[in-house]
Amino acid sequence: MAMSWFVLILSGICESVCAIALDRSEGFSRIIPTMVFAVGLAVSMGGLAYAMKHIPIGTSYAIWVGIGATITAVYGMASGEETVSLMRVLLIGGLVACVIGLKLID
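A brief look at the structure comes next. (Residues numbered from 1 in each chain as written. Predicted model: local features only at pLDDT ≥ 70, side-chain atom pairs only at ≥ 80, totals over all residues. Heavy atoms only, no water.)

**Observations concerning a nonpolar patch on the surface**
Next, step 1: Taken together, Met 3, Phe 6, Ile 9, Leu 10, Ile 13, Val 17, Ile 31, Ile 32, Met 35, Val 36, Tyr 50 and Ile 71 make up a surface patch of nonpolar side chains, about 1,100 Å² in accessible area.
Next, step 2: For the nonpolar patch, the secondary-structure elements that each account for two or more residues are α1 (2-24) and α2 (31-51).
Next, step 3: For the nonpolar patch, the element with the most residues is α1, which contributes 6 residues. (Patch = residues over 30% accessible without salt bridge, like charges linked within 9 Å, V, L, I, M, F, W, Y side chains within 5 Å. Areas by Shrake-Rupley, 256 points an atom, 1.4 Å probe, with all protein chains shown as cover. Salt bridge = Lys/Arg side-chain N within 4 Å of Asp/Glu carboxyl O. Helix = DSSP H or I, 4+ residues; strand = E, 2+ residues; numbered from the N terminus.)

**So, the packing of α2 against helix α3 (residues 57-78)**
Next, step 1: Running from N to C, α2 and α3 cross one another at 150°; their axes reach a closest spacing of 10 Å. By the angle class used here, α2 and α3 are roughly antiparallel. α2 and α3 meet at a crossing whose hand is right-handed. Contacts from Ser 44, Met 45 and Leu 48 in α2 reach Ser 60, Tyr 61 and Trp 64 in α3.
Next, step 2: Class assignment for the residues of the contact of α2 with α3 results in 4 nonpolar, 2 polar and no charged. (Axes fitted to C-alpha atoms, helices over the stretch in contact; angles between N-to-C directions. Parallel < 35°, antiparallel > 145°, perpendicular 65-115°, else oblique. Left-handed = near helix turned anticlockwise from the far one by under 90°. Contact = heavy atoms within 4.5 Å. Nonpolar A, V, L, I, M, F, W, Y, C, P; charged D, E, K, R; others polar.)

**Here's the deal with the nonpolar core**
Nonpolar side chains in soluble globular proteins tend to be buried together.
Next, step 1: Counting residues in hydrophobic clusters, the biggest one holds 9 residues: Trp 5, Leu 8, Leu 48, Ala 51, Ile 55, Ile 63, Trp 64, Ile 67 and Val 99.
Next, step 2: When contributions to this core are tallied by element, the ones reaching two or more residues are α1, α2 and α3.
Next, step 3: Among the elements that make up this core, the one with the highest residue count is α3 (3 residues).
Next, step 4: Beyond its immediate chain neighbours, meaning those up to four positions away, Trp 64 contacts Leu 8, Ser 11, Gly 12, Glu 15, Ser 44, Met 45 and Leu 48. (Core = buried A, V, L, I, M, F, W, Y, C linked by side-chain atoms within 4.5 Å. Buried < 20%, exposed > 50% of the residue type's maximum accessible area, 1.4 Å probe, protein only.)

**Considering the packing of aromatic side chains**
Next, step 1: For the structure shown, the criterion picks out 2 aromatic pairs.
Next, step 2: Summarising the aromatic geometry, the rings of Phe 28 and Phe 37 are spaced 5.4 Å apart at their centres and angled 55° between planes, so their arrangement reads as tilted.
Next, step 3: On the basis of relative accessible area, Phe 28 is assigned to the partly exposed category, the value being 48%.
Next, step 4: Judged by its relative accessible area of 15%, Phe 37 is buried.
Next, step 5: Each ring, one from Tyr 61 and one from Trp 64, has its centre 5.6 Å from the other, and the planes form 35°; the classification is tilted. Here Trp 64 and Tyr 61 lie together in helix α3, a separation of 3 residues that amounts to about one turn. (Phe/Tyr/Trp six-rings, centres within 6.5 Å; stacked < 30°, edge-to-face > 60°.)

The following block contains the structure:
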């Protein structure tokens, strides 16, 4: 069971890599970001599928999306592509709290 959680967390990280690479690919017109997107997508989905063998679908999907969305949003703010605001930081913090809460109740 611990391995499933580890794989799920790594898959969520890969999901954010996939989203960032998709943005950088400029509509799949740049080869390296497109390749990173494809590999990130395969690893992310494969890990999610593995984790779902032992973690309920709703919990695993919500955590996978939450990790990916959080990292992607933080990256966007850190890179200057998105504005940093107190409300945005609080809402991302709420997302992280929800992900942690789902882990704790499972």
